Amino acid sequence: MAAEVVVVGSCMTDLVSLTTQLPRAGETILGHKFFIGFGGKGANQCVQSARLGAKTSLICKVGKDSFGNDYVENLKKNGISTACIGQTTDAATGTASVIVNSEGQNVIVIVPGANLLLNFEDLKRASDVICKARVVVCQLEITPAVSLEALKMARASGVKTLFNAAPALADLDPQFYTHSDIFCCNETEGAGDSFVGALAFYLACYPKLPMEEMIRKSNCIASVSVQASGTQSSYPYRKDLPQDLF
């Protein structure tokens, strides 16, 4: 069955270390906790849509490595179609190395890796999935020209497009404005992705709802996500939400 929400975007493995203080240049410090999480705006948004009940597919690229294998498994566990996920030996799965101190301040190193190898050929191979969707969602953690091409393909087939202009680009191609039905410029990692994923769900599954109502309900869902820890681990499932949201 065709995916209702198709996300073209990023997968990142989060490598998080908790410390009392951030290290200075050249300093080695002891941390008290480490965990690995699943992140990346594209995958985050897709996971939130899937947990609300949308049939979803993610078009992305990961490395042919343990992080990539684990990520594909994570998506399958969330009920997301992985048919359009490429694994490459030319780059590692994207990572975000995060150090957080006891005040909540952090330093982050992002290595996009395989995310930047998603290309026009990958989109061509996935064209059937894109063109049969109800909503196609894009962001800017992959090569911007690839996101733009996905939006163009969707629009050409009469598919609604939702573009999340994050992370922000100073010189965004103006064509993004003309090929996006909805242009969403929130920047916040986590809650912002929960919001976009929820909005994609409503656009696909409740298209008759007024836009103001879709945004209100999406905000409610994002506000639930900030009450739990982690990124995808904080995203609520339909069964755990007030039923008047559906």
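Here's what I pulled together on the structure shown here.

The next point concerns the packing of aromatic side chains. Scanning the entire structure with this criterion turns up eight aromatic pairs. When the ring of F201 is compared with that of Y206, the centres are 5.7 Å apart and the planes differ by 65 degrees; the resulting orientation is edge-to-face. Assessed through its relative accessible area of 0%, F201 is described here as buried. Its relative accessible area of 25% is what places Y206 among the partly exposed residues. Joined through ring pairs, the aromatic side chains of F163, F176, Y177 and F183 make up one cluster. Sitting over the ring of Y237, K239 keeps its end group 5.4 Å from the ring centre.

Another point: the sheet that holds strand β5 (residues 85-88). Overall, parallel pairing links the six strands, which are arranged β5-β4-β1-β8-β9-β10 in an open sheet. Every other strand in the sheet has two partners, leaving β5 and β10 (182-184) as the edge strands with one partner each. Taking each pair of neighbouring strands and ignoring which way they run, the sheet shows an average axis angle of 15 degrees. Seen against the sheet, helix α1 (residues 41-52) touches β1 (5-8), β4 (56-63), β8 (135-138) and β9 (160-164) and runs at an angle of roughly 150 degrees to β4.

Another aspect to go through is the packing of α1 against helix α7 (residues 191-205). Here α1 crosses α7 at 50 degrees, and the two axes come no closer than 7 Å. Classified by the angle their axes make, α1 and α7 are oblique. Viewed along their axes, α1 and α7 form a crossing whose handedness is right-handed. Contacts between α1 and α7 involve K41, N44, Q45, Q48, S49 and L52 from the former and D193, S194, V196, G197, A198, A200 and F201 from the latter. By residue class, the composition of the contact of α1 with α7 is five nonpolar, six polar and two charged.

Before going further, it helps to examine the pattern of salt bridges. Using the criterion set out here, one finds twelve salt bridges in the structure. Residue E27 is joined to R24 by a salt bridge in which the shortest nitrogen-to-oxygen separation is 3.9 Å. Across the pair K61 and D122 runs a salt bridge whose closest N-O atoms are separated by 2.9 Å. Residue K61 is located in strand β4, and its partner D122 is located in helix α3 (residues 120-125); the two are separated by 61 residues in the primary sequence. Taking the relative accessible area as the measure of exposure, K61 reaches 11% and is therefore buried. Residue D122 is classed as buried on the basis of its relative accessible area, which comes to 11%. Ionic contacts of the salt-bridge type, sharing partners, join the residues E4, K55 and R134 into one network.

A distance of 3.4 Å separates the side chain of K61 from the backbone oxygen of L117, its partner in a polar contact. Polar contacts involving the side chain of K61 include one to the side chain of D122, which spans 2.9 Å. Those residues in contact with K61 that lie beyond four places of it in its chain are G86, T88, A114, N115, L117, L118, N119 and D122.

Turning to the nonpolar core, a few remarks are in order. Core analysis: the largest hydrophobic core is formed by 37 residues, its most contacted members being C11, L58, L75, V137 and L162. Taken together, the elements giving at least two residues each to this core come down to β1, α1, β4, α2 (66-77), β8, β10, α7 and α8 (211-225). A total of nine residues in this core trace back to one element, the largest contributor, which is α7. With near-sequence residues (within four places) excluded, L162 lies in contact with V135, V136, V137, C138, L151, I182, C184, V196, L199, A200 and L203.

The rules behind each value
- Residues numbered from 1 in each chain as written.
- Predicted model: local features only at pLDDT ≥ 70, side-chain atom pairs only at ≥ 80, totals over all residues.
- Heavy atoms only, no water.
- Phe/Tyr/Trp six-rings, centres within 6.5 Å; stacked < 30°, edge-to-face > 60°.
- Buried < 20%, exposed > 50% of the residue type's maximum accessible area, 1.4 Å probe, protein only.
- Lys NZ or Arg CZ within 6 Å of the ring centre and 35° of its normal.
- Pairing = 2+ DSSP bridges.
- Helix = DSSP H or I, 4+ residues; strand = E, 2+ residues; numbered from the N terminus.
- Axes fitted to C-alpha atoms, helices over the stretch in contact; angles between N-to-C directions.
- Contact = heavy atoms within 4.5 Å.
- Parallel < 35°, antiparallel > 145°, perpendicular 65-115°, else oblique.
- Left-handed = near helix turned anticlockwise from the far one by under 90°.
- Nonpolar A, V, L, I, M, F, W, Y, C, P; charged D, E, K, R; others polar.
- Salt bridge = Lys/Arg side-chain N within 4 Å of Asp/Glu carboxyl O.
- Polar contact = N/O pair within 3.5 Å; in protein donor to acceptor, adjacent residues only side chain to side chain.
- Core = buried A, V, L, I, M, F, W, Y, C linked by side-chain atoms within 4.5 Å.

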